[in-house]
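Analysis of the macromolecular model
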Amino acid sequence: MKTNLLNVLSEPELEKLVSRALKLFEQGLCCPVMCQAPRGSRPCGAPEEGIKVASFAIHDGEEPPVSGWNGAGNIFFSGCSAKCLFCQNWPISHNNNGKIYNSGEFSEKIKKLIDKKVHNINFVTGDHFLGKVIESLWKVREAVNLPLIYNCSGCHNHELFEILLKTMDIFLFDVKYCDNTLSSKYSNIQNYTEYNLKCLEMLLEADIPWIEDDLGLLKRGVIIRHLVLPDHIDNSLQVIELLNDFKKRGLNFKLSLMSQYFPAHKALDIEVLNTKVASAQYRKIAEAVEFYEIEGWTQSL
Ligand code: SF4
């Protein structure tokens, strides 16, 4: 039985998607930074050749229908275009730690994860490698018969997001900010809200169903994540209102409200970020989620 979109696509469709994604990378237009920089000097840290990965790991910390009991098969790509100052994975996203794999080696590593009985393959922040990733999986797609997850910042080049909508079964999609002054200050993306809104519209349009199997494992769906930042309660409340609007318009999603912020990396130098989230503030945001009856998970503090 075909359990992911990749195995449903025809060869010509796949060929077209791979070549579009590779071209976006070649041109340096694969994310909203649109660096157009020569290979090897890309601000996101993408290497000249190959796919750079920090780790292929079984991960049990995702939402329950994603991690299940055997864990998600996470692929943590090296480098990132958003480079949030408070990134908790900063050795990977800012310092580009990792090892470069060619296409054959990459797909072998994925097959090894599958052998360990992970429930899915979970790509973490991989816009800069998307073309090469789909190209690698294409060659072994019958063996990769698990849901493919895209775990992302929520801020993408629209053409790249179209490709993702055709190839990924599950989205773990961030809504970080409702205010571009914050995205400019804390992340490397000036117009986060415009890109994020457009991607939300595209998710709505794609009408992705929520499908779990009999054992409660997610096969298809959208999980929207919001990490609450300390002392930015207005931003978080605006995010919840925005999500309520999308819910009313028919976007089928579950919300994962996250309290796991801790000051890391460059956030240690920024007074307002160099603290934890206050419980009274977090409660207010969690109450807004309850008030709007948005389904999902609220992490405890
Ligand atoms: S993902 Fe990297 S290579 Fe692509 S446009 Fe952004 S910064 Fe440039």
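That block above? That's the structure.
Let us look at the structure shown here. Fair warning: this is a prediction, and the values are worked out from it, not measured in the lab.

Before going further, it helps to spend a moment on the overall build of the protein. In terms of regular secondary structure, the protein is built from 10 helices and 10 strands. Rg of the C-alpha trace for the protein: 18 Å, near the compact-globule value of 19 Å for 301 residues, within the 12% margin. Once the C-alpha set of the protein is aligned to its principal axes, its extents read approximately 50 × 45 × 35 Å. Taking all 301 residues of the protein together, the buried fraction comes to 44%. Taking contacts inside the protein between residues at least 6 apart in sequence as the whole, the part at least 24 apart equals 72%.

This brings us to the environment of E13. Assignment of secondary structure puts E13 in helix α1 (residues 11-26). E13 gets classed as exposed once you count the C-beta atoms within 10 Å, which come to 12.

To continue, consider the site of the ligand. Inspection of the region around the ligand gives 14 residues, with C30, C31, C35, C44 and H128 positioned closest. Each residue belonging to the shell around the ligand can be placed in one class, and the counts come to 9 nonpolar, 3 polar and 2 charged.

To continue, consider the packing of α1 against helix α5 (residues 130-139). Viewed as axis vectors pointing N to C, α1 and α5 meet at an angle of 150°, and their least axial separation amounts to 7 Å. With respect to each other, α1 and α5 are oriented roughly antiparallel. Our pair here, α1 against α5, has a crossing hand that is left-handed. Touching L14, L17, V18, A21, L22 and F25 of α1 are L130, G131, I134, E135 and W138, all from α5.

Once that is clear, we can look at the pairing of strand β5 (residues 148-152). Of all 5 residues that make up β5, 5 are buried, and the element is covered over most of its length. Burial along β5 is two-sided: L148, Y150 and C152 facing one way and I149 and N151 facing the other are all buried. Pairing between strand β4 (residues 121-124) and β5: 4 bridges, direction parallel. Paired with V124 across the bridge in β5 is N151. The parallel pair β4 and β5 is bridged by α5, and the resulting crossover is right-handed.

A separate point is unusual backbone geometry. Phi at K117 takes a positive value of approximately 70°, unusual for a residue other than glycine. Residue position: K117 is located in the loop between α4 (103-115) and β4. Accessibility expressed as a C-beta count within 10 Å gives 13 for K117, which makes it partly exposed. Unlike most non-glycine residues, H265 shows phi in positive territory, near 50°. Mapping H265 onto the fold places it in the loop between β9 (254-258) and α10 (279-291).

In this structure, A21, I121, L130, I149, L160, F171 and I224 are the most contacted members of the largest nonpolar core, which totals 82 residues. Setting aside residues up to four positions removed in sequence, L130 forms contacts with A21, C30, L160 and I163.

Let's shift gears to α10. Between its first and last C-alpha atoms α10 spans 18 Å; for 13 residues at 1.5 Å apiece the expected length is 18 Å, and the two agree. Within the sequence span of α10, burial applies to Y282, I285 and V289. Viewed end-on, α10 has its buried residues packed into an arc of 65°, placing them on one side of the element. When the buried face of α10 is taken as reference, the exposed residues oriented beyond 90 degrees from it are A280, R283, E290 and F291. For α10, the secondary structure elements touched by its buried residues are α9 (233-248), β9 and β10 (296-298). Directly beyond the C-terminal end of α10, a positive phi value near 55° is found at E293.

Glancing now at the environment of K99. Tracing the backbone through its elements, the reader meets K99 in strand β3 (residues 99-101). Exposure remark for K99: the 13 C-beta atoms within 10 Å place this residue in the partly exposed category. Between the alpha carbons of K99 and I51 there is a distance of 8.1 Å; along the sequence they are 48 residues apart. Those residues in contact with K99 that sit more than four places away from it in its chain are K52 and V53.

Before going further, it helps to examine the pairing of strand β1 (residues 51-59). Where β1 meets β3, 3 bridges bridge the pair, whose relative direction is antiparallel. Bridging from a neighbouring strand, V53 pairs with K99 of β3.

The next subject is α5. Since the α-helix advances by 3.6 residues per turn, residues separated by three or four positions end up pointing in the same direction. Along α5, 8 of the 10 residues are buried, which leaves the element largely enclosed by surrounding structure. Close packing links the buried residues of α5 with α1, β1, α4, β4 and α6 (158-167).

Cut-offs used in this document
Residues numbered from 1 in each chain as written. Predicted model: local features only at pLDDT ≥ 70, side-chain atom pairs only at ≥ 80, totals over all residues. Helix = DSSP H or I, 4+ residues; strand = E, 2+ residues; numbered from the N terminus. Rg over C-alpha atoms; globule rule 2.2 N^0.38 Å. Buried ≥ 20, exposed ≤ 12 C-beta atoms within 10 Å, placed from the backbone. Contact = placed C-beta atoms within 7 Å. Near = placed C-beta within 6 Å. Nonpolar A, V, L, I, M, F, W, Y, C, P; charged D, E, K, R; others polar. Axes fitted to C-alpha atoms, helices over the stretch in contact; angles between N-to-C directions. Parallel < 35°, antiparallel > 145°, perpendicular 65-115°, else oblique. Left-handed = near helix turned anticlockwise from the far one by under 90°. Pairing = 2+ DSSP bridges. Right-handed = clockwise from strand over helix to strand, strands pointing away. Core = buried A, V, L, I, M, F, W, Y, C linked by C-beta atoms within 7 Å. Expected span 1.5 Å × (residues − 1). Arc of directions from axis to C-beta.

The quantities given are spatial measurements derived from coordinates; they are silent on function.
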